[in-house]
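Structural description and commentary
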Amino acid sequence: MASILVLFGTGEGQTAKVAARIEDTLLGRGHDVTTVDVESLPADLDIETFDAILVGSSIHIGKHHEAVREFVDSNNEILNVRPTGFFQLSLSSAVDEPEQQAEAAQYVGQLPRGQAPRLVSGLPL
Ligand SMILES: Cc1cc2nc3c(=O)[nH]c(=O)nc-3n(C[C@H](O)[C@H](O)[C@H](O)COP(=O)(O)O)c2cc1C
């Protein structure tokens with residue numbers, strides 16, 4: 001059993017729904033899961049205590065949620081030594097055309113330098 005943090009930033013709640021689904025799946029596999037909205041980070045949250053960290057954000061006007069970018073930036077050191085995954089929701093992910101898919105992929109490249117998610121998933125939501 002692993003202790004997993006699922007941290008997300010959302011505008012209208014879609015990313016929160018995906019985070020909840022991820023949480024359900026991980027709980028069903030016997031993991032210990034903590035899911036938090038980046039806008040309501042508990043003061044005592046210590047990300048070093050987690051075995052793995054999943055970070056999710058939607059795209060609004062070409063950018064990830066600002067607080068998610070700040071979280072990734074300020075926790076870069078620990079994110080680069082833990083197993084991590086990044087999930088992203090964007091309209092462009094939903095359009096099955098090379099240009100739109102390329103747009104969705106380039107958003108990931110906007111994450112702060114040094115962050116190298118080992119698993120990236122763009123969800124068409
Ligand atoms: C104000 C606004 C701006 C958006 N800008 C983009 C964008 O630049 N590129 C894109 O692919 N999708 C864009 N979208 C689509 C969202 O990424 C998509 O609807 C996502 O599921 C929203 O998730 P959320 O409710 O967690 O924020 C935008 C949506 C809204 C409401």
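Below is a summary of the structure that appears in this document. Quick caveat: nothing in here was measured; it's all calculated off a predicted structure. (Residues numbered from 1 in each chain as written. Predicted model: local features only at pLDDT ≥ 70, side-chain atom pairs only at ≥ 80, totals over all residues.)

**Focus: the site of the ligand**
As a matter of local geometry, the ligand sits amid 16 residues, with G11, T15, S58, S90 and L91 nearest to it. Listed by contribution, the elements that provide at least two residues to the shell around the ligand are helix 1 (14-28), strand 3 (52-60) and helix 4 (91-94). When residues of the shell around the ligand are assigned to their parent elements, the largest contribution, three residues, is made by strand 3. A breakdown of the residues in the shell around the ligand according to their chemical character gives five nonpolar, 10 polar and one charged. (Near = placed C-beta within 6 Å. Helix = DSSP H or I, 4+ residues; strand = E, 2+ residues; numbered from the N terminus. Nonpolar A, V, L, I, M, F, W, Y, C, P; charged D, E, K, R; others polar.)

**Quick notes on the environment of L54**
Inspection of the secondary structure assignment puts L54 in strand 3. You can call L54 buried: it has 24 C-beta atoms within 10 Å. C-alpha separation for the pair L54 and V6, spaced 48 residues apart in sequence, amounts to 4.7 Å. With residues near it in sequence (within four places) discarded, L54 still touches I4, L5, V6, I22, G85 and F87. (Buried ≥ 20, exposed ≤ 12 C-beta atoms within 10 Å, placed from the backbone. Contact = placed C-beta atoms within 7 Å.)

**A closer look at unusual backbone geometry**
Positive phi is not limited to glycine here, since I61 has a value of about 50 degrees. With respect to the secondary-structure elements, I61 resides in the loop between strand 3 and strand 4 (63-64).

**Digging into the environment of Q88**
Residue placement: Q88 occurs in strand 5 (residues 84-89). Distance from Q88 to G56, taken between C-alpha atoms, is 5.6 Å for residues 32 residues apart in sequence.

**Some words on the pairing of strand 1 (residues 3-9)**
Every regular strand shows the same layout, with side chains that alternate between the two sheet faces. Taken across its seven residues, strand 1 has six buried, putting it largely inside the fold. Here six bridges tie strand 1 to strand 2 (residues 32-37), and the two strands are oriented parallel to one another. Paired with S3 across the bridge in strand 2 is D32. Traced from strand 1 through helix 1 to strand 2, the parallel crossover comes out right-handed. Here strand 1 pairs with strand 3 via six bridges, running parallel. Pairing of V6 across the sheet is with L54, part of strand 3. (Pairing = 2+ DSSP bridges. Right-handed = clockwise from strand over helix to strand, strands pointing away.)

**Points about helix 1**
Over its 15 residues, helix 1 extends 21 Å from the first C-alpha to the last, a length consistent with the 21 Å expected when each residue adds 1.5 Å. Listing the buried residues of helix 1 in full gives T15, V18, A19 and I22. The buried residues of helix 1 occupy an angular sector of 100 degrees when projected down its axis, which confines them to one face. Seen from the buried face of helix 1, the exposed residues on the opposite side, beyond 90 degrees, are R21, D24 and G28. A positive phi of about 90 degrees marks G30, the residue just after helix 1. (Expected span 1.5 Å × (residues − 1). Arc of directions from axis to C-beta.)

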